[in-house]
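What follows is each chain in one-letter form.
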Amino acid sequence: MRQEDWQIFSVLTDKVFNRYQAGRMRNIHTTKEKEHDFSQGSIPGNILRLSLPLIAAQFINVLYNIVDRMYIGRIPGADTAALTGVGVCFPVITVIMAFAFLVGTGGPPLCSIARGRQENEKAEHIMGNSFTLLVATGIVLILLGFLVKRPLLYALGASDVTFPYADQYISIYLLGSVFVMISIGMNGFINCQGFAGIGMLTVVIGAVLNIILDPVFIFLLHRGVQGAAAATVLSQAVSAGWILRFLTGKQTHLKLRPAYWKPDLACVREIVSLGLSGFIMQATNCMVQIVCNVTLHNFGGDIYVGIMTIINSVREVLTVPVNGLTQGAQPVIGFNYGAKEYTRVKQGIKFMSVICICYTSLVWLLTLIIPEMFIHLFNGSKELVAVGVPAMRIYFFGFCFMSLQFAGQTVFTGLGKAKQAIFFSLFRKAVIVVPLTLLLPHIAGLGVNGVFLAEPVSNFIGGTACFVTMFYIMWPALSD
């Protein structure tokens with residue numbers, strides 16, 4: 001081939017290759033855009049694509065919390081007392097998480113709706129203000145926590161035997177509050193953009209690190225309860241760093257920009273207003289934990305506080321799939337609502353609700369048939385098993401009704417209906433559970449069984465009311 005001919009051939013080949021590459025890059029870009037455009041593809045597919053990584057991540061997240069308690073329950077010379085002491089700390093931890101959920105359940109749904117409307121600058125503004133709220137709140141909680149720590153722990157049900165363990169654990173945990181706030185509150189901004197795999201890694205990294213550090217700090221370094229808390233805080237710090245690196249990097253669609261960190265009162269009000277439902281759910285959980293711990297301590301002693309610690313841990317594990325599914329459904333529902341794709345919103349609600357009901361029915365069956373298996377994971381004491389088996393069967397009775405609360409709450413929050421979301425968050429716990437927890441132990445000699453019975457009664461009344469109200473209010477409003 002002549003040199004001139006070769007040059008012509010090379011030019012033509014380069015043009016073809018460049019066109020191919022340009023077309024390929026356009027296809028990749030279009031595919032990625034579709035992956036993060038929830039108005040495209042099947043609704044069940046979009047929900048599962050987001051929720052399955054979330055479920056996996058939350059299982060690992062719960063696992064490292066459970067590992068803490070499993071190790072703590074086996075500390076030589078402490079076992080039950082240490083486990084009970086950490087259980088006393090749960091309300092304080094729940095308050096910290098409640099403030100993280102205030103932002104984490106308020107900001108991301110608003111961000112999803114803004115994305116659905118193609119308002120990306122507004123979405124970044126919401127993200128920046130959310131970050132500022134989390135950091136500021138975390139600092140305030142640290143200061144307040146150390147000021148009221150001692151009287152608070154005794155008020156939450158600590159005894160002279162369990163207080164030293166509670167004090168050791170919460171002192172370390174409080175120091176890491178800002179990391180906890182960021183890792184819980186900001187991860188939703190990764191998931192709401194469709195990066196469920198990255199969101200999962202956020203939790204996996206922290207969880208794996210915690211599982212590795214727990215035995216090292218607790219047993220090898222002989223730090224006991226303090227070691228368990230230190231492992232948790234360090235793990236959360238790494239997770240928080242991972243989140244900030246991603247949200248300020250090149251891969252994300254929406255960036256965490258310092259320009260939007262300055263508080264905007266209108267934006268803050270909007271975030272807090274919608275996030276109040278998530279906050280109230282956690283805050284009322286705290287209220288319930290306090291009332292339960294104090295009532296159980298009065299009617300049954302430290303062993304029943306330990307049983308409630310185990311039951312709370314089991315519930316955390318068993319509700320992970322429902323939490324993951326509803327969190328995965330929320331951005332899909334919110335995006336399509338913002339895009340005015342109301343038929344797809346209805347499809348998402350139906351799919352989410354059916355899966356939640358089926359799963360929680362299976363959970364009820366498991367806790368009815370093999371409750372002792374769950375108790376043995378934390379402590380092999382015959383006394384704990386003997387007391388815990390009937391308590392667990394009562395507590396999880398009719399657990400399928402809890403799924404109605406999850407589904408209804410998710411729809412109200414995902415569609416930005418703050419008032420309804422707040423009302424039903426408050427209704428089930430504050431209006432039903434707390435009064436029943438205080439009253440039932442005094443009725444017909446129920447004693448401690450009355451405390452455990454309050455939960456299934458509230459699930460039935462509160463869950464049914466939330467779901468039915470959501471159906472009758474939102475379904476007509478979603479008609480095309």
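Residues numbered from 1 in each chain as written. Predicted model: local features only at pLDDT ≥ 70, side-chain atom pairs only at ≥ 80, totals over all residues. Heavy atoms only, no water.

Before going further, it helps to examine the nonpolar core. Ranked by size, the top nonpolar core spans 60 residues in total, and within it M308, I311, I349, F396 and F452 carry the most contacts. Ignoring anything within four residues of it in the chain, the contact list for F396 reads I311, V314, R315, L318, W364 and T367. In terms of nonpolar packing, the next biggest core, distinct from the first, is built from 56 residues, L134, A158, Y169 and A240 among them. (Core = buried A, V, L, I, M, F, W, Y, C linked by side-chain atoms within 4.5 Å. Buried < 20%, exposed > 50% of the residue type's maximum accessible area, 1.4 Å probe, protein only. Contact = heavy atoms within 4.5 Å.)

It is worth spelling out the side chain of Q409 at this point. Mapped onto the elements of the fold, Q409 is located in helix α17 (residues 400-414). When its relative accessible area of 5% is taken as the criterion, Q409 is described as buried. Aside from chain neighbours lying at most four places away, what touches Q409 is S277, M281, A421, F424, S425 and C466. (Helix = DSSP H or I, 4+ residues; strand = E, 2+ residues; numbered from the N terminus.)

Taking 1.5 Å of rise per residue, 28 residues should cover 40 Å, and helix α14 (residues 342-369) covers 42 Å from first to last C-alpha, within 8% of that figure. Taken residue by residue, α14 has R344, V345, K346, G348, I349, F351, M352, S353, C356, T360, V363 and T367 as its buried positions. (Expected span 1.5 Å × (residues − 1).)

Let us look at the pattern of salt bridges. According to the stated counting rule, one finds 3 salt bridges in the structure shown. Taking the shortest distance from any N to any O, the salt bridge between D167 and K149 comes out at 3.2 Å. Of the two residues, D167 is situated in helix α6 (residues 163-175) and K149 in helix α5 (residues 120-155); the sequence distance between them amounts to 18 residues. Among the salt bridges present, the one from R428 reaches E455, with a minimum N-O distance of 3.5 Å. One end of the pair, R428, is in helix α18 (residues 418-439); the other, E455, is in helix α19 (residues 448-477), and 27 residues separate them in sequence. Overall, the relative accessible area of 4% leaves E455 in the buried class. (Salt bridge = Lys/Arg side-chain N within 4 Å of Asp/Glu carboxyl O.)

What follows concerns the environment of F399. With respect to the helices, strands and loops of the structure, F399 is situated in the loop between α16 (382-395) and α17. For F399 and I357, which are 42 residues apart along the polypeptide, the C-alpha to C-alpha distance reads 9.3 Å. Excluding its chain neighbours within four sequence positions, the residues that come into contact with F399 are T319, T360, V363, W364 and N459.

Right, let's talk about a nonpolar patch on the surface for a bit. On the surface, a nonpolar cluster with roughly 440 Å² of combined accessible area is contributed by V140, L144, L147, V148 and L152. Relative to the helices and strands, V148 is located in helix α5. V148 sits in the partly exposed class, given a relative accessible area of 40%. (Patch = residues over 30% accessible without salt bridge, like charges linked within 9 Å, V, L, I, M, F, W, Y side chains within 5 Å. Areas by Shrake-Rupley, 256 points an atom, 1.4 Å probe, with all protein chains shown as cover.)

A separate point is the packing of aromatic side chains. How two aromatic rings sit relative to each other is given by the distance of their centres and the angle of their planes. Applying the stated rule across the entire model yields 16 aromatic pairs. Here the aromatic rings of F424 and F427 are separated by 6.5 Å at their centres, their planes lie at 85°, and the arrangement is edge-to-face. Here F427 and F424 lie together in helix α18, a separation of 3 residues that amounts to about one turn. With relative accessibility at 6%, the residue F424 sits in the buried group. Judged by centre distance (5.7 Å) and plane angle (85°), the rings of F471 and Y472 are edge-to-face. Residue classification places F471 among the partly exposed positions, given a relative accessible area of 36%. Assessed through its relative accessible area of 62%, Y472 is described here as exposed. In this structure an aromatic cluster arises from ring pairing among F412, F423, F424 and F427. (Phe/Tyr/Trp six-rings, centres within 6.5 Å; stacked < 30°, edge-to-face > 60°.)

The subject of this paragraph is the side chain of T295. Relative to the helices and strands, T295 resides in helix α11 (residues 265-300). Judged by its relative accessible area of 6%, T295 falls in the buried class. A polar atom in the side chain of T295 sits 2.6 Å from the backbone oxygen of V291. Sequence-distant contacts of T295, defined by excluding residues within four places in its chain, comprise T437, L438, P441 and V451. (Polar contact = N/O pair within 3.5 Å; in protein donor to acceptor, adjacent residues only side chain to side chain.)

What follows covers helix α9 (residues 196-220). With 25 residues, α9 extends 36 Å between its outermost C-alpha atoms, agreeing within 8% with the 36 Å of an ideal straight helix rising 1.5 Å per residue. At L213, α9 shows its largest bend, some 30°, and a proline, P215, comes one to four positions later. (Bend = angle between axes of the 7 residues up to and from the residue.)

With that out of the way, let us pick up the packing of α17 against α19. With their axes 7 Å apart at the nearest point, α17 and α19 run at an angle of 40° to one another. Crossing of α17 against α19: the hand is left-handed. Residues F401, M402, L404, Q405, A407, G408, Q409, V411 and F412 of α17 form the contact with α19, whose participating residues are E455, N459, F460, G462, G463, T464, C466, F467, T469, M470 and M474. Of the residues contributing to the contact of α17 with α19, the split by class is 11 nonpolar, 8 polar and 1 charged. (Axes fitted to C-alpha atoms, helices over the stretch in contact; angles between N-to-C directions. Left-handed = near helix turned anticlockwise from the far one by under 90°. Nonpolar A, V, L, I, M, F, W, Y, C, P; charged D, E, K, R; others polar.)

Keep in mind these numbers describe shape, not what the thing actually does.
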